[in-house]
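Fold and contact review
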Amino acid sequence: MNEAEKRQNEYINQTAERVENRYDFKKAEKDAYRLKKGLTPKIVEELSAKKNDPEWMREFRLRSLEIYHSLDVPPWGPSIDDLNIDNIVTYVKPNTDMQGSWKNVPEDIKDTFDKLGIPQAEQKSLAGVGAQYDSEVVYHNLKEEVAKLGVIYTDIETALKGPYEPMIREHFMKLVTPRDHKFAALHGAVWSGGSFVYVPPGVKVDIPLQSYFRLNAAGAGQFEHTLIIVDKGADLHFIEGCSAPKYNVANLHAGCVELFVADDAKLRYSTIENWSKNMYNLNTKRAKVGKNATMEWISGSFGSHISYLYPMTILAGENAKAEFTGITFAGKGQNLDTGAKMVHNAPHTSSLINTKSISKDGGASTFRSSVVVAKQAQHSKALVSCQSLMLDNISRSDTIPAMDVRTNKASVGHEAKIGRISDQAVFYLMSRGLSEAAARAMIVNGFANPISKELPVEYAVEMNHLIQLEMEGAIG
């Protein structure tokens, strides 16, 4: 064990002691709250027992662990050789069970979410909200008028133990399987928390649902699972927010999102990720879209030390449509490898990938896309557009598109543009009374505007604020 690992172990043990001393549990309770690290069958068994999993889920976790140990780290993306997953704490329980009333959430946890604006957002513009703190959902609420429509929105672990277990068993890790890659297998073994949403046929949810994930423990991982099923002719907007404080040890996010959009249905999935810059964000997201259905992704990626993030859409039904709109901001010490994948498996399908990336202070931003048009997907259309803005001469931006077209009856295009802020534009704005910093920030905000305008007002404001902080170098 090297010195860095020794220091990380010492830090984790000290954190465990502080957690125990702070809340003054009985010994049995302390054992349940102790931070545990490593990936062994015993730890997975203990986690499954703590979660009171049904037998099939316990077996699924153990099979996933076997697959995890049999797979190598994926060859794509920036190197993560300095991440020792065996030193990541796979489960951290907060000091509360899930609450249905905000006033019952413990004050220290409530204060964290208050600062993030979760209660205000819920009151103003959300049909329901869930909040996860470390490895557990601590708060969940669905407005009564939405529940009366038959919409189900709860934490996935509660759903797993109730009447929705057959639906979850039918869909859980069927789009993203443990054999897809090493981090998917890791997720299958140690997943904890997350959301389950079901929208019945024909139901249109007029205001968004939101889940917010906060990883607050040092040296820990968060492995939430989100499963959303939008039934035939239904319509939903779901918002996901993520954040974490900065520590001097590595944190890991290896969540999983599975989205099922039935015939004639529509789902918009918006994400604002503001991870700290000690985070390894190795998340996997995938959607399956039926006939005449629409899938829309809106993604803002800020923070994290390294990211692997490539949401995939499988256009499985005729005339299915998908759009991915995303922005990435890579600053000092960041290597963000992001993009999207579109798979056309039916005729007359269409997809659009439209991304923007910004890099400064030596940050590296890589756009990686994949478009597959199967032989049976005749008369399909796909367009990929990526634009990159570098704010200095020490940053980096790369574009890596891949296209696999197996029919000559399809229209597929790709365009890319990489540039720098125009000195003339900066000079013009400065001549109108702006400082150089303000001028550059205005240009960057204009560059990001096509993405921010797709978000609800509160979240667009949050994204613009994050861009401003990145420009000032204030995000740690």
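In every chain, residue numbers begin from 1 and rise along the written sequence. In view of the model being predicted, local features appear only for residues whose pLDDT reaches at least 70, and side-chain atom pairs are presented and counted only at 80 or more, with totals across whole chains, interfaces and linings using the full set of residues. As a rule here, side-chain values cover all heavy atoms of the structure and leave hydrogens and water aside.

Within an unreviewed UniProt entry, the label attached to the protein reads Fe-S cluster assembly protein SufB, and the organism entered is Megamonas funiformis. UniProt positions are given in the numbering used here, feature names are shortened, and annotations may be inferred rather than shown by experiment. According to its UniProt record, the protein has this under Sequence similarities (unreviewed entry): "Belongs to the iron-sulfur cluster assembly SufBD family."

**Thoughts on the overall build of the protein**
For the protein, the helix and strand inventory stands at 13 helices and 25 strands. A 1.4 Å probe rolled over the protein chains alone gives each residue an accessible area, and that area as a share of the maximum for its type sets the label: buried under 20%, exposed over 50%, partly exposed in between. Taken across its 476 residues, the protein has 58% of its residues classed as buried. What makes two residues a contact is simply this: any of their non-hydrogen atoms within 4.5 Å. When contacts within the protein are restricted to residue pairs at least 6 apart in sequence, those whose partners lie at least 24 apart make up 82%. Where accessible areas are quoted, they stem from the Shrake-Rupley method and a 1.4 Å probe; at the residue level, only the protein chains shown are allowed to cover. Per element, the accessible surface of the protein, about 19,600 Å² overall, is 49% carbon and sulfur. Only runs of H or I of at least four residues qualify as helices and only runs of E of at least two qualify as strands under DSSP, and these elements are numbered from the N terminus.

**Details of helix H10 (residues 182-190)**
Extensive coverage of H10 is indicated by the burial of 9 of its 9 residues. What H10 keeps buried is the set Lys182, Phe183, Ala184, Ala185, Leu186, His187, Gly188, Ala189 and Val190.

**Quick notes on the nonpolar core**
Take the buried residues of types Ala, Val, Leu, Ile, Met, Phe, Trp, Tyr and Cys, join any two whose side-chain atoms come within 4.5 Å, and each joined set is a nonpolar core. In terms of nonpolar packing, the biggest core is built from 40 residues, with Val199, Ile228, Leu236, Leu259 and Met295 touching the most fellow members. When residues no more than four places from it in sequence are discounted, the contact partners of Met295 are Leu259, Val261, Leu267, Tyr269, Ala287, Val289, Thr313, Lys321, Ala322 and Glu323.

**Examining the sheet that holds strand S7 (residues 209-214)**
Being paired, for any two strands, means DSSP has found at least two bridges between them. Spatially, 10 strands are ordered S4-S3-S7-S10-S13-S16-S19-S21-S23-S25 in an open sheet, and the strand pairing comes out mixed. Since the sheet does not close on itself, it has two edges, and those belong to strand S4 (136-142) and strand S25 (410-420), each with one partner. Each strand axis lies, on average, 10° off the axis of its neighbour in the sheet, ignoring direction. Pairing of strand S3 (residues 128-133) with S7, which is carried by 6 bridges, proceeds in the parallel orientation. Residue pairing in the sheet places Ala131 in a bridge with Tyr212 of S7. For helices, the fitted axis covers only the stretch in contact; all axes are lines through C-alpha atoms, and the angles between them, taken along N-to-C directions, range from 0 to 180 degrees.

**As for the pattern of salt bridges**
Throughout this description, the term salt bridge denotes a Lys or Arg side-chain nitrogen within 4 Å of a carboxyl oxygen of Asp or Glu. Enumeration over the complete set of coordinates arrives at 15 salt bridges. Here Glu55 and Arg58 are joined by a salt bridge, their closest N and O atoms 2.6 Å apart. Here Glu55 pairs with Arg58, and both are found in helix H4 (residues 55-70), just 3 residues apart, close to one helical turn. Overall, the relative accessible area of 42% leaves Glu55 in the partly exposed class. Asp404 is the partner of Arg406 in a salt bridge, and the nearest nitrogen-oxygen pair spans 2.9 Å. Judged by relative accessible area, which is 56%, Arg406 ranks as exposed. Residue Asp404 is classed as partly exposed on the basis of its relative accessible area, which comes to 27%. A network of salt bridges, in which partner residues are shared, links Glu45, Glu55 and Arg58.

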